[in-house]
Amino acid sequence: MYSKEKNYSAEKTSTFFSIVKAVHQACISTHLDNMDRTFTYFKELVLAHSVQRPPFSVGLFSPEEARKMTNYVLETYFRHFRMYKYAFTPCVMLDLSLEYEGGVEEEQEEVVDGAVNQDAQGGETGAPESAEVGEQAVQEAPQQDLTPAEKELKGIIAAAFKEHLKELKGSVDQQMKQFEETVTKQLSSLSGSEAESRAAKSSKGKRK
């Protein structure tokens, strides 16, 4: 519509459409607020098509056309930048699940399945005995040693958690220290102002 109103040629219309499309793709490339970066990218694209300096740029638009085009995009696209970003940015959801081969859970399932099969084969007479074997196996399963993979994973998680906790503690201590310094400065300034006001009042009383 804008290109038609300005009587752009097919080459200028295609270039203007490509610039707006590239700017929109940059807008929705991340969930973070990137309005300033996107506008800088738009100005670079307009400048690259407004100055005749091959092979770095081509003077397709005149300076006046570039100025009007920039104002139009500002008044239309960038005025509603957050709306376009919310509507077109794809939502990414992460569904993470971990499965371990040869773990404790699989061993429990195998033991229980074996107890159930023995129960089915033994009939009514062997039912109590097989049930006791299954219960004993389930109770003993959690006491089995962890596999090397599980031990390694447990060590990695513990080390990462310890490091994160250490960083968090240092950050909190630093913030508390800054807060105490700020409060101390404010208290000292307040006490100083109060002392000055008292001194001024006393001097006025003496003069009277």
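The preceding data block contains the structure.
Residues numbered from 1 in each chain as written. Predicted model: local features only at pLDDT ≥ 70, side-chain atom pairs only at ≥ 80, totals over all residues. Heavy atoms only, no water.

Undergrad: Talk me through the pattern of salt bridges; I want residue IDs and the actual numbers.
TA: Taken as a whole and assessed by the stated rule, the structure comprises four salt bridges. The shortest N-O distance in the salt bridge between Asp33 and Arg82 comes to 3.3 Å. Of the two residues, Asp33 is situated in the loop between helix 2 (10-27) and helix 3 (35-48) and Arg82 in helix 5 (residues 81-88); the sequence distance between them amounts to 49 residues. Both residues of the pair, Asp33 and Arg82, count as exposed. (Salt bridge = Lys/Arg side-chain N within 4 Å of Asp/Glu carboxyl O. Helix = DSSP H or I, 4+ residues; strand = E, 2+ residues; numbered from the N terminus. Buried < 20%, exposed > 50% of the residue type's maximum accessible area, 1.4 Å probe, protein only.)

Undergrad: Summarise the packing of aromatic side chains; cite the residues concerned and give the values.
TA: Inspection of every chain in the model, using the stated rule, returns 13 aromatic pairs. A ring pair is formed by Tyr2 and Tyr8, whose centres lie 5.9 Å apart and whose planes are at 85 degrees; its orientation type is edge-to-face. Residue Tyr2 is classed as buried on the basis of its relative accessible area of 6%. Its relative accessible area of 12% is what places Tyr8 among the buried residues. Taken together, a centroid distance of 5.3 Å and an interplanar angle of 85 degrees make the contact between Phe39 and Phe78 edge-to-face. Remark: Phe78 occurs in the loop between helix 4 (63-76) and helix 5 and Phe39 occurs in helix 3; sequence separation between them is 39 residues. Feature note: the residues Phe39, Phe42, Tyr77, Phe78, Phe81, Tyr84 and Phe88 constitute an aromatic cluster, connected by ring pairs. (Phe/Tyr/Trp six-rings, centres within 6.5 Å; stacked < 30°, edge-to-face > 60°.)

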